[in-house]
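# Fold and geometry: a report
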Amino acid sequence: SFYYGTFPAGFLWGVGSSAYQTEGAWDKDGKGPSIWDAFTHKKGQVVTNETGDSACDGYYKVKDDIQLLKELKVNHYLFSISWPRIIPTGIKTEQVNEKGIQFYNDTINSLLENNITPIVSLYHWDLPQVLQEKYSGWQNISIINYFNDYANLCFEKFGDRVKHWITFSNPWAVAEKGYETGEHAPGLKLGGCGAYKAAHHIIKSHAKVWHTYNNTWRSEQQGMVGISLTSGWGEPVDPHSHTDRDAAERYIQFHLGWFANPIYKGDYPEVMKNYVGRKSTQQGLRTSRLPTFSLQEKTYIKGTSDFLGIGHFTTRYVLPKRFPFLQASSYHTDHDLAELVDPKWPAPGPKWLYSVPWGFRRLLNFIKTQYGNPLIYVTENGVSEKVQCTQLCDDWRIEYLKGYINEILKALKDGVNVKGYTAWSLLDQFEWNKGFSERFGFYHIDFKNKNKPRYPKASADYYKKIINANGFPNPREVENWHQKAMDTCSSTHQLLATDSLITHMEKVTEIVLPAVFTLCILVSIVLLISYLRNHS
């Protein structure tokens with residue numbers, strides 16, 4: 001049932017984005033190539049071979065996008081720094097790009113001038129390509145020091161103003177999609193080992209950066225360093241079945257626990273160690289494919305998070321499933337489970353993203369119980385649509401936001417320590433291997449228009465109302481928000497249609513006028529030649 005009420009005073013509301021998805025300017029002002037530049041420039045990696053070369057042109061539209069943040073009346077903006085934009089090769093001792101540092105200085109200053117708190121992620125997937133080519137990226141232990149040098153530079157240059165740092169955004173996807181399935185950059189399919197090895201180095205990198213901040217910068221800058229972990233909720237198909245409950249537990253541990261357990265408890269979840277270890281033995285391996293931490297490393301890693309960022313989008317029903325013994329190992333067969341969905345769950349966009357709000361409250365309560373009720377910031381939550389035609393009146397996104405935010409309110413009543421919410425995302429942006437075919441934004445972008453204008457969707461107006469009321473005060477008022485948001489989007493649709501027509505006419509003019517001009521010249525030349533021949 002829906003719970004009407006308001007969030008505690010001081011609860012933070014925001015939106016998020018990431019560098020590669022929005023900035024564009026992939027090779028401008030001294031920026032080095034990232035693994036996503038290399039990945040998208042190969043044919044067949046992304047839907048319709050789209051790239052983030054220009055993305056939303058966010059590099060050139062900082063002031064415009066901050067104006068959108070002001071319109072939404074958010075408290076904070078979560079964005080990421082592009083490692084290769086400030087250190088082109090990823091190696092600090094080789095080169096630091098001052099123009100890149102100036103860009104992020106200007107962005108941070110502009111946010112603060114407009115009373116918007118910057119929350120900064122150091123890594124949202126765009127590893128410098130040089131580090132991938134030279135050292136195999138996150139497969140190599142040497143990357144830990146390179147990442148620490150980069151983070152230290154960020155603390156030095158921006159830490160006087162940035163007080164909320166995220167080391168990694170959704171490292172599960174970095175490891176699993178980058179080094180297991182190859183769906184994401186760098187596109188490697190290192191079945192059964194690659195994801196575990198990448199995650200191992202990411203966790204060690206996170207811990208080192210936290211200690212660097214703690215030892216060198218904390219007393220002076222008084223900020224916080226955390227990590228952002230994205231996980232769905234796993235619900236047992238039969239809650240009375242012991243085996244179904246165990247399978248649901250494995251689902252959570254192989255997603256969230258993989259990274260959270262070492263940080264909060266000092267080691268990988270026991271169930272991960274047991275399952276991967278047993279399957280490794282069955283395959284004739286002497287050691288587990290899941291790496292191990294030494295006693296010293298466990299102590300070093302445990303407790304290295306001042307807050308936990310949580311990204312959450314959807315839920316699955318889970319039940320046990322035995323996979324036949326295969327010589328080819330895989331992360332996906334290691335946990336012996338199957339995922340199901342309820343066909344009644346709304347799925348407005350891609351097939352993976354079903355709207356199941358109640359799963360969010362259960363996930364938040366699991367974190368409270370499992371990890372000692374840590375300070376939580378929701379760092380990613382939202383829903384996309386598949387682009388067939390422009391949809392500004394996105395009532396399904398309004399319903400999704402209303403439901404999921406309401407579950408956070410219920411979790412707060414349960415005693416979960418949630419201090420802020422970040423909706424994903426500010427803009428329609430480049431969605432990784434899906435290109436521009438999926439749209440998460442509060443603001444639609446007309447990518448066919450060279451100026452890439454932004455248009456608010458109905459959900460932007462609705463989210464603004466939630467922020468203004470700090471929750472859901474009463475049924476009548478909340479229902480009124482929905483109607484007003486839908487009215488607003490109708491008029492915006494008319495504006496978009498007019499602008500699109502003008503853009504189309506401009507394109508036609510750009511093509512037709514030069515063609516007509518060229519034709520006139522050719523006709524004139526032919527007539528002149530004919531005239532000269534006749535008179536000679």
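Rules used throughout
Residues numbered from 1 in each chain as written. Predicted model: local features only at pLDDT ≥ 70, side-chain atom pairs only at ≥ 80, totals over all residues. Heavy atoms only, no water. Pairing = 2+ DSSP bridges. Helix = DSSP H or I, 4+ residues; strand = E, 2+ residues; numbered from the N terminus. Axes fitted to C-alpha atoms, helices over the stretch in contact; angles between N-to-C directions. Contact = heavy atoms within 4.5 Å. Disulfide = S-S within 2.5 Å. Buried < 20%, exposed > 50% of the residue type's maximum accessible area, 1.4 Å probe, protein only. Salt bridge = Lys/Arg side-chain N within 4 Å of Asp/Glu carboxyl O. Core = buried A, V, L, I, M, F, W, Y, C linked by side-chain atoms within 4.5 Å. Domains from an automatic or database assignment. Phe/Tyr/Trp six-rings, centres within 6.5 Å; stacked < 30°, edge-to-face > 60°. Buried area = accessible area lost by both parts, 1.4 Å probe. Polar contact = N/O pair within 3.5 Å; in protein donor to acceptor, adjacent residues only side chain to side chain.

## Let's talk about the sheet that holds strand β11 (residues 376-380)
- Strand order in the closed barrel formed by 8 strands is β2-β3-β4-β5-β6-β8-β11-β13, with parallel pairing between adjacent strands. Across the sheet, the mean angle separating the axes of adjacent strands is 25 degrees when strand polarity is ignored.
- In the sheet, strand β4 (residues 117-121) pairs with strand β5 (residues 164-169) via 3 bridges, with the strands oriented parallel. Each bridged residue has a counterpart across the sheet, and for S121 the counterpart in β5 is I166.
- Most of the contacts of helix α5 (residues 98-113) go to strand β3 (residues 76-80), to which it runs at about 170 degrees, and overall it touches β3 and β4.

## A word on the state of the cysteines
- Counting across every chain of the model gives 1 disulfide.
- Two residues, C393 and C489, share a disulfide whose sulfurs are 2.0 Å apart. Judged by the sign of its S-S torsion, about 105 degrees, the bond between C393 and C489 is right-handed. Here the residue C393 occupies a position in the loop between β12 (385-386) and α15 (395-413), and C489 occupies one in helix α17 (residues 475-535), the gap between them amounting to 96 residues.
- Taking the relative accessible area as the measure of exposure, C393 reaches 24% and is therefore partly exposed.

## Considering unusual backbone geometry
- The linkage connecting A185 with the following residue, P186, adopts the cis geometry, with an omega of 5 degrees.
- Tracing the sequence through the fold places P186 in the loop between α8 (171-179) and α9 (194-221).
- Here the amide bond leading from W424 into S425 is cis, since omega sits at 10 degrees, within 30 degrees of zero.
- With respect to the helices, strands and loops of the structure, S425 is situated in the loop between β13 (418-424) and β14 (438-439).
- Of note, A25 is a non-glycine position whose phi angle comes to about 45 degrees, a positive value.
- The residue Q222 is not glycine, and still its phi comes out positive at about 60 degrees.
- Mapped onto the secondary structure, Q222 falls in the loop between α9 and β6 (224-230).

## Comments concerning the pairing of strand β7 (residues 233-236)
- Because side chains alternate across β7, one face comprises the buried residues W233 and E235, and the other comprises G234 and P236, equally buried.
- Here 4 bridges tie β7 to strand β9 (residues 315-320), and the two strands are oriented parallel to one another. From the neighbouring strand, P236 faces β9, where its bridge partner is V318.

## Describing the pattern of salt bridges
- Counted according to the given criterion, the structure contains 28 salt bridges.
- When the shortest N-O distance is used, the salt bridge between K134 and E94 registers 3.6 Å. Of this pair, K134 sits in helix α6 (residues 129-135) while E94 sits in the loop between α4 (83-86) and α5, and the two are 40 residues apart along the sequence.
- Where E270 meets K273, a salt bridge forms, and the shortest distance between an N and an O atom there is 3.0 Å. Here E270 and its partner K273 are both found in helix α11 (residues 270-282), 3 residues apart, which amounts to about one turn of the helix.
- The partly exposed category is assigned to K273, whose relative accessible area is 28%.
- Because the salt bridges share partners, they merge into one network encompassing E385, D394, R397, D428, R439 and K457.

## Structural notes on the nonpolar core
- Ranked by internal contacts, the top residues of the largest apolar core, which has 148 residues, are W83, W138, W165 and W258.
- Residue assignment places this core across two domains, with domain 1 (7-471) and domain 2 (474-535) each supplying three or more.
- Residues contacting W83, with those up to four places away along its chain left out, are G90, Y123, D126, L127, P128, L131, W138, I143, Y146, F147 and Y150.
- The next biggest cluster of nonpolar side chains, apart from the first, holds 6 residues, and it includes L78, I119, I166 and Y377.

## Some thoughts on the packing of aromatic side chains
- For the coordinates displayed, the defined rule picks out 55 aromatic pairs.
- Taking 6.0 Å as the distance between ring centres and 45 degrees as the angle between the ring planes, the aromatic pair formed by F360 and Y404 counts as tilted. Of this pair, F360 sits in helix α14 (residues 358-370) while Y404 sits in helix α15, placing them 44 residues apart in sequence.
- Exposure remark for Y404: the relative accessible area of 0% places this residue in the buried category.

## Section: the domain arrangement of the protein chain
- Examined at the domain level, the protein chain breaks down into domain 1 (7-471) and domain 2 (474-535).
- Counting from both sides, the interface comprises 22 residues of domain 1 and, opposite them, 18 residues of domain 2.
- Approximately 1600 Å² of surface area, both sides summed, lies buried where domain 1 meets domain 2, with 70% of it carried by carbon and sulfur atoms.
- Along the contact surface separating domain 1 from domain 2 lie 0 salt bridges.
- On inspection of domain 1 and its partner domain 2, the count reaches 0 residue pairs in polar contact (both at pLDDT 80 or more).
- Those elements giving two or more residues to the side of domain 1 that touches domain 2 turn out to be α15, β16 (454-456) and α16 (458-469).

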